[in-house]
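Coordinate inspection notes
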Amino acid sequence: KVSKFAIFKNAANAVIGKQGVGDSSPKKQMTHNLANVAIAAMAHRKVNSQEAQQSNTEQAFIGELPGTIWHAVKYADHCDHEKRKQAHESWKAVAAETSKVCLLGNLGETPLHQAVLFSNNNKSSTYWIVKELWEKYEEL
């Protein structure tokens with residue numbers, strides 16, 4: 001399977017090769033510069049995509065670690081009673097120290113942002129952790 005990056009690079013090189021005869025042709029030089037910029041941008045995007053995927057994996061992992069704000073947020077509104085109970089225990093472990101609550105995740109998200117995303121859409125849901133984070137931690 002050929003990547004989109006390889007296809008684009010080959011197409012750009014083919015266009016560059018068809019422009020003018022000498023290296024000094026302004027049209028050829030401009031095309032060459034634009035192609036290099038586009039190739040660099042695609043390479044950067046590919047790296048950022050891989051980094052983002054790695055960050056997502058790491059964020060998912062730390063949400064499983066009891067005693068962290070990320071664990072409290074992930075399971076605060078979970079449908080499983082035992083997981084909700086564990087979330088309350090994690091909350092108790094971190095709530096007293098602002099430095100353990102006011103963190104940024106791997107992709108720049110706050111615990112409040114994660115809490116809103118993980119909150120159950122159920123009418124019986126209390127959204128307790130969203131309320132706690134919103135009311136007690138202005139920094140978020």
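Higher on the page you've got the structure.
Okay, so let's go over this structure. These numbers were taken from a predicted model, which means no experiment stands behind them. (Residues numbered from 1 in each chain as written. Predicted model: local features only at pLDDT ≥ 70, side-chain atom pairs only at ≥ 80, totals over all residues. Heavy atoms only, no water.)

A closer look at helix H7 (residues 128-136)
Let me state the cut-off plainly: Burial classes: relative accessible area under 20% of the type maximum marks a residue as buried, over 50% as exposed, and values in between as partly exposed (1.4 Å probe, protein chains only). Runs of H or I in DSSP of at least four residues are treated as helices and runs of E of at least two as strands, each being numbered from the N terminus. Contacts are assigned to residue pairs that have any heavy atoms within 4.5 Å of one another.
Within H7, burial applies to Trp128, Ile129, Val130 and Leu133. Contact partners of the buried residues in H7: helix H3 (69-75), helix H4 (81-94), helix H5 (98-101) and helix H6 (111-118).

Points about the packing of H4 against H7
Heads up, the condition is: Convention adopted: a line fitted to C-alpha atoms gives each axis, helices being fitted over their contacting stretch, and angles between N-to-C directions are expressed from 0 to 180 degrees. Any angle that falls under 35 degrees is termed roughly parallel, while one over 145 is termed roughly antiparallel, one within 65 to 115 roughly perpendicular, and all others oblique. Handedness of each helix crossing follows the sense of rotation of the near helix against the far helix: counterclockwise by less than a right angle gives left-handed, clockwise gives right-handed. The classification used treats Ala, Val, Leu, Ile, Met, Phe, Trp, Tyr, Cys and Pro as nonpolar, Asp, Glu, Lys and Arg as charged, and all other residues, Gly among them, as polar.
Where H4 meets H7, the closest approach of the two axes is 12 Å, and the angle between their N-to-C directions is 15 degrees. The angle between H4 and H7 falls in the class roughly parallel. The handedness of the crossing between H4 and H7 is left-handed. Between H4 and H7, the contacting residues are Ala87, His88 and Trp91 on the first element and Trp128, Ile129, Glu132 and Leu133 on the second. For the contact of H4 with H7, a count of residues per class yields 5 nonpolar, 1 polar and 1 charged.

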